[in-house]
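Now for the letters of each chain:
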Amino acid sequence: MKAEFFLQQIKNDFPQIKWKKYRVLTHGFDHIIIVLDEKIIFRFPKDKEYKAEFENEIQLLHYLKKKVNVGIPEYNYISKDKSIAGYDMVRGRELTASQFRRLSASEKDTIIKQLAEFISTLHATPKSIITKYNVRSENQEINYKNLVRDVKKILFPRLRKQDIQAIKEYFSELKDALGHKYSNALTHNDLTGAHILWDSKNKQVNIIDFSDRAFGDPAIDFSGLFEYGTKFTEKVFKLYSGKKDEQMLKRSQLYFKRIPLSIMKNSLQGRPVNFEQGYKKFKKVFKV
């Protein structure tokens, strides 16, 4: 659909909102994003599944807004049919690995403390809230089986022998790690640099995009932090006050290694990601 279609929806549902410029972001898996004057963000679910989940996400964020120490989206513009919603833009730039490296030691320490507190608070969310807002459960063993199946079928024919051997060894390690017991928690489930914003002016971490939220392995919320380095992740984990198990950080690191495999696989399945970027990341992470 063309941008005009979505802009007209905003005009119809929110006639009080005026704008001069807009941007359309279509690279997300589940939503189309419209940015108005770099001030207001509207999200449009791409399919019925996400449309049904959208209202629950909005209500959960209303609950979390009162609990967490970081800035998160607060939807102030919600259409009557709950099909589209918008919020005042959350401050900050995406905390890419290159941007992170340019920060001062004190800024990095601030980020460590704020992330540790945010993840701890998120994971402490009561089961009654998780049930109330229909947060889906995620089974990492099922994810593992699906990943092995898809990678063997889709990726192996395109990879070198040494790549395939490295992936097979990784699968064995991941399978072993998933054999250890752990307690599930409410997770952001996509806590990567694309969704971690750093507001340098206010020295504040802000978190966006809770569309992948799940009741699952809490280790997943540390996996994206490895992009900033192992020591950084270990420091966040040390300050984390949630329930820990002996294999938690290990599983987190293995989930991080899963990211480039998912990127390559998704690109070959027609998703809006780049195979070459995924392969470049794969060679770096797997050291092949």
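Going along each chain's sequence as written, the residues are numbered from 1 onward. Side-chain atom pairs in this predicted model are given and counted only at pLDDT of 80 or more, local residue features only at pLDDT of at least 70, and totals for whole chains, interfaces and linings cover all residues. Heavy atoms throughout the structure, all of them, feed into the side-chain values; hydrogens and water do not.

### Some thoughts on helix α9 (residues 230-239)
Owing to its 3.6 residues per turn, the α-helix brings residues three or four apart onto one side.
Working step 1: Considered for burial, the residues of α9 that qualify are F232, T233, V236 and F237. Seen along its axis, α9 keeps its buried residues to an arc of 135°; they face one direction. Exposed residues on α9 whose side chains face more than 90 degrees from its buried face are K231 and K238.
Working step 2: Buried residues in α9 make contact with α3 (97-101), α4 (105-123), α8 (220-223) and α10 (248-268). Classification of residues uses two cut-offs on accessible area relative to the type maximum, computed with a 1.4 Å probe and protein chains only: under 20% is buried, over 50% is exposed, and between them is partly exposed. Each helix is a run of H or I in the DSSP string that is no shorter than four residues. Each strand is a run of E no shorter than two, and both are numbered from the N terminus. For this quantity, the arc is that covered by the directions from the helix axis to the C-beta atoms. Contacts between residues were defined by any pair of non-hydrogen atoms, one from each residue, lying within 4.5 Å.

### Side note on the packing of aromatic side chains
Working step 1: Each pair of aromatic rings taken from Phe, Tyr and Trp, with Trp reduced to its six-membered ring, is defined by centres within 6.5 Å and is described as stacked if the planes are under 30 degrees apart, edge-to-face if over 60, and tilted in the remaining cases. By the definition in use, this model includes 21 aromatic pairs.
Working step 2: Relative to F171, the ring of Y144 lies with its centre 6.2 Å away and its plane at 90°, an arrangement referred to as edge-to-face. Here Y144, found in helix α6 (residues 140-155), pairs with F171, found in helix α7 (residues 161-177); they are 27 residues apart in sequence, far enough to count as distant.
Working step 3: Residue F171 is classed as buried on the basis of its relative accessible area of 4%.

### Things to note about the sheet that holds strand β9 (residues 204-207)
Working step 1: In space, the three strands of this open sheet follow the order β6-β8-β9, with antiparallel pairing throughout. Of all the strands in the sheet, just β6 (93-94) and β9 have a single pairing partner and so form its edges.
Working step 2: Here the rule is simple: two strands pair whenever DSSP picks up at least two bridges between them. Strand direction decides the pairing type here: β6 and strand β8 (residues 196-199), joined by two bridges, are antiparallel. The residue of β8 that forms the bridge with R93 is W198.
Working step 3: Note on definitions: angles span 0 to 180 degrees between N-to-C directions of axes, and those axes are lines fitted to C-alpha atoms, for helices only across the stretch in contact. Against the sheet, α4 engages β8 and β9, with an angle of about 40° to β9.

### Overview of unusual backbone geometry
Working step 1: Residues other than glycine seldom take positive phi values, yet K82 does so here, at roughly 65°.
Working step 2: Here the phi dihedral of N189 falls at roughly 75°; this positive angle occurs in a residue that is not glycine.
Working step 3: With respect to the helices, strands and loops of the structure, N189 is situated in the loop between β7 (185-187) and β8.
Working step 4: The exposure class of N189 is buried, given its relative accessible area of 14%.

### Observations regarding α10
Working step 1: Residue count minus one, scaled by 1.5 Å, sets the expected span of a helix. Along its 21 residues, α10 runs 31 Å from first to last C-alpha, staying within 8% of the 30 Å computed at 1.5 Å per residue.
Working step 2: G270, located one to two residues past α10, shows a positive phi value of around 90°.

### Considerations on the pairing of strand β2 (residues 31-36)
Working step 1: Burial analysis of β2 places six of its six residues in the buried class, which makes it a mostly covered element.
Working step 2: Residue alternation in β2 divides its side chains into two sets, H31, I33 and V35 and I32, I34 and L36, and both sets are buried.
Working step 3: Bridging between strand β1 (residues 22-25) and β2 involves four bridges; their strand directions are antiparallel. Of the residues in β2, the one forming a bridge with L25 is I33.

### Focus: the sheet that holds strand β4 (residues 75-78)
Working step 1: On the basis of which strands lie adjacent, the open sheet formed by five strands has the order β1-β2-β3-β5-β4 and antiparallel pairing. Whereas interior strands pair on both sides, the edge strands pair on one side only; in this sheet they are β1 and β4. Adjacent strand axes in the sheet meet at a mean angle of 25° when their direction is disregarded.
Working step 2: With six bridges connecting them, β2 and strand β3 (residues 40-45) associate as antiparallel partners. Note that in β3 the partner of H31 across the bridge is P45.
Working step 3: Helix-sheet contacts for helix α1 (residues 3-13) involve β1, β2 and β3, and the interaxial angle to β2 is about 65°.
Working step 4: Where helix α2 (residues 48-65) meets the sheet, it contacts β2, β3, β4 and β5 (85-88), and its direction lies at approximately 145° from that of β4.

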